[in-house]
Amino acid sequence: MTKAKHYRPPGKRKEGNVAKYTTRNKALNRLQLKLPEFRRLCILKGIHPREPKKKFEGHNKTYYHVKDINFLAHEPLLEKSRELKAYERKIKKARAKRNEHLADRLESNRPSYTLDHLVKERYPSFVDALRDLDDPLTMLHLFAVLPADGAHKIPVSHTQTARRLALEWQALITRTHALRKCFVSVKGIYYQAEVGGQKVTWLTPHVLSQVLPSDVDFRVMLTFVEFYETLVGFVNFKLYHDLGLQYPPILDHRLEKAAAELFAVMRDMASEAVTEQVTDGKLDQVTDEHTEGEELSKRLAESQARLASFQDRMLVMEKEKGRIPSETGEDARDAELAKEAKNLAEDEEEDAETKICKQLFKGLKFFLGREVPRESLLFVIRAFGGTASWEGEGAPFDESDESITHQIVDRPTKGHRFLSRDYLQPQWVYDCSNTRVILPGDLYLLGRVPPPHLSPFVDNDVEGYLPEYAETLKRLQAAASKHLMPLPGAEDADMEQALQLQVAAAGRTQDAEETLREKEAIAMEKEYTEDLTKELSGIPYSASLQKNPQATSMIVEEGNDDAKLQAAEPSITEQPVTSEADEATRMGRMMMTRKSRGLYDAAKMGNAKKKAATELLKERKRKADEGKHETKGKRSGKLT
């Protein structure tokens, strides 16, 4: 009897890949789950398919680690999902029996579950959660603008929760002035903030009507959103409480109805200037002063009562210590000193980058037009220390305010234009925030073609190509930091002269020594090659002393084939002399292993492609400049 190919005697344990990996179908059979439920559980637990070195079940199978499947088998959510399915069957049975009262009672007592333990399990420390925050923020900002659609089974609760968490995150970044980069692209607007020493980058879509594609499985995306909502909620809670702020922040419903959600969140937890502008502005002119005014007055009364009780407790504590202040002036001075000490402590904690970002738009007042992306500009301006308003209900100040310094518009205004302010395009705000410099607005005036919007996420030194406008921005940054740079095409004569003297002094002796060394080496190599050729050809030493080239050539022709081949080879003197650096590179490559040599060649290939792309960009720039000059020449010819 012949044994099977993969025969294993009874009692012997599995070994190798068979013991480490299992297929998806075997995992489904073991967990007694269907594929959508298994996929959802893997997403929530963060378990991914594996690629074993040897696929023992075939190449068309999906493999998982056995330890991961054992990990899923002990998950409490697995038992909770079975309970929910059984409960759904009860509701369905009551509906089938037309017992609406029982069905409603079961629906109201539906069991719920949380994903808090999964967040603690996947992210043991807060830094781990911050490092993995890019995808959650991008997904939440996407669902914040998606419509609740019944065909794609997108519930309203997910869109509202995503919107709330996105606004809380943006308000926190605005409060801490942690925004560092922003870039407007076709996909959307990229942002990068520095939170807790970690760089967090996310993408927000443009505020346009979203079209839901039919080839996207929104069930999988909703599973990710469900976990990301819990994760971002934890992160926001921790960051708010580290700053001593209330979480969740109180949302002003009047501003929310006026489509100013971000400003409504910032009103409660932003700086004192925002609170003063909101209270002194036109919040009383929004809508529904009957119901909403009562809610606001009720909240104010509660806060005043808490403040009064806190002051009473402080007085009692001071009486017990025997240090009751006698005059109100001393109280005011003590309060001012405490406030100054708190501000100094906050300033010491802030790094240099945060201070620069905090002071960039300080003292500037912006008014946003209706055609510009209001929420994005409001987020960027407030994050860099500016003040912004807009046209509509709930705005802090009107367009007619004389203290406005900049008005951000994207189309010509037909109304009155104020001479005391600059009318600029939205790109000016983003470029200023990326360069940390208030750029001159001549290039961004309304009606002009703005300069190229350069990405701050590209390192020009690494890419090897510096755009023309990037060089201009670099000089503006140097001028703003009072670090003078030479003008384009001009060089310092003294530095050039000193450099030339140093090169001349160091190069004379070095060139002479290298030239002499090369001549000696060439002569020695030539002599050695001639002697070796004569020896292989059978020419005696006495005959070689005779200077008869014809005899020597005849003897060489009569020699063997090896001598002919040796004589036919080019001499060393005819070969190009390689430098020491090239020789060292060649020798180093010979000493590498095959894998290292492949990586080295791949790196050289990548550098060559990058260099070719850089040359292509330079060629395009040259052709564009030539086209501009030709256009100007044609126009001037027509005018003449």
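- The protein chain has the name Pescadillo homolog in an unreviewed UniProt entry, where Sphagnum jensenii is given as its organism.
- The UniProt entry for the protein chain carries this comment under Function (unreviewed entry): "Required for maturation of ribosomal RNAs and formation of the large ribosomal subunit."
- Regarding the protein chain, the relevant UniProt record gives this comment under Sequence similarities (unreviewed entry): "Belongs to the pescadillo family."

### Overview of the overall build of the protein chain
Part 1: For the protein chain, the helix and strand inventory stands at 27 helices and nine strands.
Part 2: Out of the 640 residues belonging to the protein chain, those deemed buried represent 29%.
Part 3: A separation threshold of at least 6 residues defines the contact pool for the protein chain, and within that pool the share at least 24 residues apart is 61%.
Part 4: Approximately 42900 Å² of the protein chain is accessible, and the part contributed by carbon and sulfur atoms is 54%.

### Focus on the sheet that holds strand β9 (residues 422–424)
Part 1: Taken together, four strands build an open sheet; the order of strands is β7-β6-β8-β9 and the sheet is parallel. Across the chains shown, the open sheet's two edge strands, defined by having one partner strand only, are β7 (387–390) and β9. Adjacent strand axes in the sheet meet at a mean angle of 25 degrees, parallel and antiparallel pairs treated alike.
Part 2: As defined by bridge partners, strand β6 (residues 365–368) adjoins β7 across four bridges and the pair is classed as parallel. Bridging from a neighbouring strand, Phe 367 pairs with Ser 389 of β7.
Part 3: Across the sheet, helix α18 (residues 374–383) lies against β6, β7 and β8 (406–408), angled at about 160 degrees from β7, the strand it touches most.

### Observations regarding the packing of helix α9 (residues 134–145) against helix α11 (residues 218–242)
Geometrically, a packed helix pair is captured by the angle between its two axes and the distance between the axes.
Part 1: As a packed pair, α9 and α11 sit with axes 9 Å apart at the nearest point and diverge in direction by 115 degrees. Relative to α11, the element α9 lies roughly perpendicular. As for the relative orientation of α9 and α11, their crossing is left-handed in sense. On α11, the residues that touch Asp 135, Pro 136, Leu 137, Met 139, Leu 140, Leu 142 and Phe 143 of α9 are Met 221, Leu 222, Phe 224, Val 225, Tyr 228, Glu 229, Leu 231 and Val 232.

### Some details on the sheet that holds strand β3 (residues 179–184)
Part 1: Spatially, β3-β4-β5 is the arrangement adopted by the three strands of the open sheet, whose pairing is antiparallel. With one partner strand each, in any of the chains shown, β3 and β5 (198–204) form the two edges of the open sheet. Here the average twist between neighbouring strands, direction ignored, is 15 degrees.
Part 2: Pairing of β3 with strand β4 (residues 189–195) involves five bridges; the strand directions are antiparallel. The partner of Lys 181 across the bridge, within β4, is Gln 192.

### Here's the deal with the environment of Tyr 113
Part 1: Within the secondary structure, Tyr 113 is located in the loop between α6 (100–108) and α7 (116–122).
Part 2: With a relative accessible area of 30%, Tyr 113 lands in the partly exposed category.
Part 3: Taking the C-alpha atoms as reference points, Tyr 113 and Leu 84, separated by 29 residues in sequence, lie 9.7 Å from one another.
Part 4: Beyond its immediate chain neighbours, meaning those up to four positions away, Tyr 113 contacts Arg 40, Leu 77, Lys 80, Leu 84 and Glu 226.

Thresholds applied
- Residues numbered from 1 in each chain as written.
- Predicted model: local features only at pLDDT ≥ 70, side-chain atom pairs only at ≥ 80, totals over all residues.
- Heavy atoms only, no water.
- UniProt positions renumbered as here; feature names shortened; annotations may be inferred.
- Helix = DSSP H or I, 4+ residues; strand = E, 2+ residues; numbered from the N terminus.
- Buried < 20%, exposed > 50% of the residue type's maximum accessible area, 1.4 Å probe, protein only.
- Contact = heavy atoms within 4.5 Å.
- Areas by Shrake-Rupley, 256 points an atom, 1.4 Å probe, with all protein chains shown as cover.
- Pairing = 2+ DSSP bridges.
- Axes fitted to C-alpha atoms, helices over the stretch in contact; angles between N-to-C directions.
- Parallel < 35°, antiparallel > 145°, perpendicular 65-115°, else oblique.
- Left-handed = near helix turned anticlockwise from the far one by under 90°.

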